[in-house]
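Given next are the chains, with one letter for each unit.
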Amino acid sequence: MNKEIEIAKELKKEIDSLPLFQEYKRIRELVDNSDEIKELKAEIAKSVNDKEKHKELLNRYNSHPLIVNLNELEIEVRDYLKEITDIINKK
């Protein structure tokens, strides 16, 4: 079992070094540290009783360049990890 753990650690290290994953982490950090996005999320949470305002705020959030970029990267990351999982499961 130790060999499998070492292989998994090596695989993680290789995956983490890929530009796609580095970019994902960079954008995730920008999103997590964005005061603008934090404020927008707080406004969204407060607006649940006002459907029109809630919808407008959600649209603003979902069209924010960082969120758009993050969502696209998440899809790419998931697809990449699915490919790896499929390869591993075939062996």
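Residues numbered from 1 in each chain as written. Predicted model: local features only at pLDDT ≥ 70, side-chain atom pairs only at ≥ 80, totals over all residues. Heavy atoms only, no water.

Draft legend 1. Spotlight on the side chain of His64. Its place among the elements puts His64 in the loop between α4 (51-63) and α5 (65-90). In this structure the side chain of His64 is engaged in a polar contact, spanning 3.3 Å, whose partner is the side chain of Glu36. Ignoring any residue separated from it by four or fewer positions in sequence, one finds His64 in contact with Glu36 and Ile37. (Helix = DSSP H or I, 4+ residues; strand = E, 2+ residues; numbered from the N terminus. Polar contact = N/O pair within 3.5 Å; in protein donor to acceptor, adjacent residues only side chain to side chain. Contact = heavy atoms within 4.5 Å.)

Draft legend 2. Examining the pattern of salt bridges more closely. Applying the stated rule across the entire model yields eight salt bridges. Measuring nitrogen to oxygen at the nearest pair gives 2.9 Å for the salt bridge that ties Glu23 to Arg26. Of the two residues, Glu23 and Arg26 both sit in helix α2 (residues 19-32), three residues apart, roughly one turn of that helix. Look at Glu23 and you get partly exposed, because its relative accessible area is 27%. With a relative accessible area of 43%, Arg26 lands in the partly exposed category. The residue Glu74 makes a salt bridge to Arg78 at a minimum N-O spacing of 3.9 Å. Residue Glu74 and its partner Arg78 are both found in helix α5; the two are separated by four residues, about one turn of the helix. It is possible to trace a salt-bridge network through shared partners that takes in Arg28, Asp32, Glu74 and Arg78. (Salt bridge = Lys/Arg side-chain N within 4 Å of Asp/Glu carboxyl O. Buried < 20%, exposed > 50% of the residue type's maximum accessible area, 1.4 Å probe, protein only.)

Draft legend 3. Spatial organisation of the confidence of the model for the chain. When pLDDT is averaged along the chain, the result is 94, and 98% of the positions lie at 70 or above. Mean pLDDT values over the elements of the chain span from 91, in helix α1 (residues 2-17), up to 98, in α2. (pLDDT = per-residue confidence, 0-100.)

Draft legend 4. Structural context of a negative patch on the surface. The grouping of Asp35, Glu36, Glu39 and Glu43 at the surface amounts to a negative patch. Along the chain, Asp35 falls in helix α3 (residues 35-46). (Patch = residues over 30% accessible without salt bridge, like charges linked within 9 Å, V, L, I, M, F, W, Y side chains within 5 Å. Areas by Shrake-Rupley, 256 points an atom, 1.4 Å probe, with all protein chains shown as cover. Lys, Arg positive; Asp, Glu negative; His and termini not counted. Charge placed at Lys NZ, Arg CZ, Asp CG, Glu CD.)

Draft legend 5. Geometry of the side chain of Ser47. Checked against the element boundaries, Ser47 lands in the loop between α3 and α4. For Ser47, a relative accessible area of 5% corresponds to the buried category. When near neighbours in sequence (up to four residues on either side) are disregarded, Ser47 contacts Lys53, His54 and Leu57.

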